[in-house]
Amino acid sequence: MAVAQCPASCGELIQGWILGSEKLVSCPVEWYSTVEVCNGSPRADERPLSRAMVNRLLQHWHYPAQMTQDIRIDVHSTIPVAKGMASSTADIAATAVATAHHLGHPLDESTLAALCVSLEPTDSTVFRQLTLFDHNDASTQIACEAQPELDLLVLESPVTLRTADYHRIPRQAGLHAGAPALKRAWEKVQEACISQNPYRMGEAATLSAIASQALLPKPDFDALLSLMEECDLYGVNVAHSGSVVGLMLDRNRHDVEYVQWLLAQKKLNEHWPEQHLLRMVSGGVDVL
């Protein structure tokens, strides 16, 4: 038996047209999918993508395909689904590493990323460090220095959007229009990590969030920006292919209860009724 876990993401720090194609840097947070892989019969209610990952690994290591019938997968996750929190990436990445460990194989991050994108567009939460990642084909993997410490007040909406549906939206013109802003945002992400400056990270995320309004607008976005300025928060980040929003702050420095009171005063909690205060964490999949 083997157990592995992978974090969720509060949307993306940045996503858009960077270095010649659409890429992203995810925002890993302390909310995990934990997957247990052992010998046994498959569950009737298992998650199809997790089974697809087991089959992909058996093929990768040239095991007989029928071996899948003797592998049981148990996924334990409360990460919201189809809201831009990387729930699917967390499931399949943790499944991959748990399966590899169960079968006695190492699995490096780059191979893991390639396996994940072979199933669906993948978040860069599979990497230990913040990483600029081509989420469609894994061709770009540029790691940053250690990230600055910060918290996120994650604003969860009831609105859902499947990643595959988002990718069917015509986006090319909007992506190209946002390219200059995303170039600056990517530079600021790197600066934020080098200087350990959470405000610089917030500037990067806010630039990308503003550019994203042309592609998948968030309701009352100007009110969110004014709240950020009023409370001197680090920034606002969004799920570029989902509905979740993150207010970037420091729980020891900022008055989180006042921020939540303001959200109610501005009626913003009508759009985002669920709120979660989470630490930003390192990404990567850990064997437990």
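Treat the numbers as computed from the prediction; the structure is a model and nothing was measured.

Caption draft 1: Just the overall build of the protein, in detail. From N to C terminus, the protein includes nine helices and 10 strands. Computed over C-alpha atoms, the radius of gyration of the protein comes to 19 Å, within 12% of the 19 Å expected from 2.2 N^0.38 for 288 residues, which places it in the range of a compact globule. Overall size of the protein, expressed as C-alpha extent along the three principal axes, is 60 × 40 × 35 Å. Expressed as a percentage of the 288 residues in the protein, the buried residues total 56%.

Caption draft 2: Just the nonpolar core, in detail. Counting residues in hydrophobic clusters, the biggest one holds 66 residues, and the most contacted among them are Ile-14, Leu-107, Leu-112, Leu-152 and Met-201. Top contributing element to this core by residue count: helix α2 (residues 87-103), with nine residues. Residue-level mapping places this core at the junction of two domains, with at least three residues from each of domain 1 (2-143) and domain 2 (151-279). In this structure Met-201 touches Leu-13, Leu-130, Pro-148, Leu-150, Val-189, Ala-192, Cys-193 and Met-248, once residues within four positions along its chain are discounted.

Caption draft 3: Expanded view of the environment of Thr-131. You can see Thr-131 is positioned in strand β4 (residues 131-133). For Thr-131, a relative accessible area of 3% puts it in the buried group. Sequence separation between Thr-131 and Val-25 is 106 residues, and the spatial gap between their C-alpha atoms is 5.6 Å. The contact partners of Thr-131, leaving out residues within four places of it in the chain, are Leu-24, Val-25, Ser-124, Gln-141, Ile-142 and Ala-143.

Caption draft 4: Spatial organisation of the pattern of salt bridges. Under the criterion given, the structure shown has 17 salt bridges. Where Arg-251 meets Glu-30, a salt bridge forms, and the shortest distance between an N and an O atom there is 3.8 Å. One end of the pair, Arg-251, is in the loop between β8 (245-249) and α9 (256-265); the other, Glu-30, is in strand β2 (residues 21-39), with 221 residues separating them in the sequence. Since its relative accessible area comes to 33%, Arg-251 is described here as partly exposed. Using a relative accessible area of 29% as the deciding quantity, one classes Glu-30 as partly exposed. Note that Glu-203 is salt-bridged to Arg-200, the shortest N-O span being 3.0 Å. Residue Glu-203 and its partner Arg-200 are both found in helix α7 (residues 198-212); the two are separated by three residues, about one turn of the helix. Here Arg-200 falls in the partly exposed class, since its relative accessible area comes to 24%. Taken together, the shared-partner salt bridges in this structure form one network comprising Glu-30, Asp-151, Arg-251 and Arg-279.

Caption draft 5: Quick peek at the packing of aromatic side chains. With the rule as written, the count across this model stands at three aromatic pairs. Between Phe-127 and Phe-133 the ring centres are 5.2 Å apart and the planes differ by 70 degrees, which places this aromatic pair in the edge-to-face class. With a centroid separation of 4.8 Å and 85 degrees between ring planes, the pair formed by Tyr-199 and Tyr-234 is classed as edge-to-face. Taken as a pair, Tyr-199 in helix α7 and Tyr-234 in the loop between α8 (221-230) and β7 (235-238) lie far apart in primary sequence, 35 residues in all. Looking at Tyr-234, the relative accessible area reads 8%, which means it is buried.

Caption draft 6: Looking closely at the packing of helix α1 (residues 48-60) against helix α3 (residues 109-117). At a minimum axis separation of 10 Å, α1 and α3 run at an interaxial angle of 120 degrees. Judged by the inter-axis angle, α1 sits oblique to α3. Remark: the crossing between α1 and α3 carries right-handed chirality. From α1, Met-53, Arg-56, Leu-57 and His-60 reach across to α3, where they touch Thr-111, Leu-115 and Cys-116. Here the residues of the contact of α1 with α3 are counted per class, giving four nonpolar, two polar and one charged.

Caption draft 7: View of the UniProt feature "domain: GHMP kinase N-terminal" (unreviewed entry) in the protein. On the UniProt side, "domain: GHMP kinase N-terminal" (unreviewed entry) is annotated at positions that read residues 53-120 here. Taken end to end, residues 53-120 is 50% helix and 10% strand, and its two terminal C-alpha atoms sit 11 Å from one another.

Caption draft 8: The domain arrangement of the protein, seen in detail. According to the domain assignment, the protein consists of domain 1 (2-143) and domain 2 (151-279). A straight line from the C-alpha centre of domain 1 to that of domain 2 covers 24 Å. Listed as interface residues are 29 residues of domain 1 and, on the opposing side, 42 residues of domain 2. For the pair domain 1 and domain 2, the summed buried surface comes to about 2700 Å²; carbon and sulfur atoms form 67% of the total. Three residues stand out in domain 1 for area buried against domain 2, namely Trp-17, Glu-30 and Lys-83, and they jointly supply 26% of the buried area on that side. Joining domain 1 to domain 2, the criterion identifies four salt bridges. One can count 12 residue pairs in polar contact (both at pLDDT 80 or more) joining domain 1 with domain 2. Within the residue set of the side of domain 1 that touches domain 2, elements represented by two or more residues are β1 (2-18) and β2. Of all the elements, β1 adds the most residues to the side of domain 1 that touches domain 2, at nine residues. Within the side of domain 1 that touches domain 2, the residues separate by chemical class into 19 nonpolar, six polar and four charged.

Rules used throughout
What you see as residue numbers is a count from 1 along each chain, following the sequence as written. Reporting of local features is limited, given that this is a predicted model, to residues whose pLDDT is at least 70; pairs of side-chain atoms are given and counted only at 80 or more, and all residues count toward the totals for whole chains, interfaces and linings. Side-chain figures throughout are based on the complete set of non-hydrogen atoms in the structure, without hydrogens or water. We count a stretch as a helix when DSSP gives it H or I for four or more residues in a row; a strand needs E for two or more, and each element gets its number in order from the N terminus. To get the radius of gyration, use the C-alpha atoms; to get the globule rule, take the number of residues to the power 0.38 and multiply by 2.2 Å. Burial status follows relative accessibility: with a 1.4 Å probe on protein chains alone, a residue under 20% of its type maximum counts as buried, one over 50% as exposed, and anything between as partly exposed. Grouping buried Ala, Val, Leu, Ile, Met, Phe, Trp, Tyr and Cys residues that are joined through side-chain atoms within 4.5 Å yields what is termed a nonpolar core. Those domain boundaries reflect an automatic or database domain assignment. Note on definitions: a residue-residue contact is assigned when non-hydrogen atoms from the two residues lie within 4.5 Å. One speaks of a salt bridge when a side-chain nitrogen belonging to Lys or Arg is within 4 Å of a carboxyl oxygen belonging to Asp or Glu. Here a Phe, Tyr or Trp ring, Trp counted by its six-membered ring, pairs with any other such ring whose centre lies within 6.5 Å, and the pair is stacked when the planes are under 30 degrees apart, edge-to-face when over 60, and tilted otherwise. Axis lines are fitted through C-alpha atoms, for helices just across the contact stretch, and the angle between N-to-C directions can take any value from 0 to 180 degrees. Angle categories are assigned with fixed cut-offs, so that under 35 degrees is roughly parallel, over 145 is roughly antiparallel, 65 to 115 is roughly perpendicular, and the rest are oblique. Each crossing is labelled by how the near helix is turned from the far one, with a counterclockwise turn of less than a right angle marking it left-handed and a clockwise turn marking it right-handed. Residue classes follow a fixed rule: Ala, Val, Leu, Ile, Met, Phe, Trp, Tyr, Cys and Pro count as nonpolar, while Asp, Glu, Lys and Arg count as charged, and any other residue, Gly among them, counts as polar. UniProt positions are given in the numbering used here, feature names are shortened, and annotations may be inferred rather than shown by experiment. When two parts are put together, the accessible area they lose, computed with a 1.4 Å probe and summed over both, is reported as buried area. Polar contacts here mean pairs of N or O atoms no more than 3.5 Å apart (in protein, one a potential hydrogen donor and the other a potential acceptor; neighbouring residues in sequence count only if both atoms are side-chain atoms).

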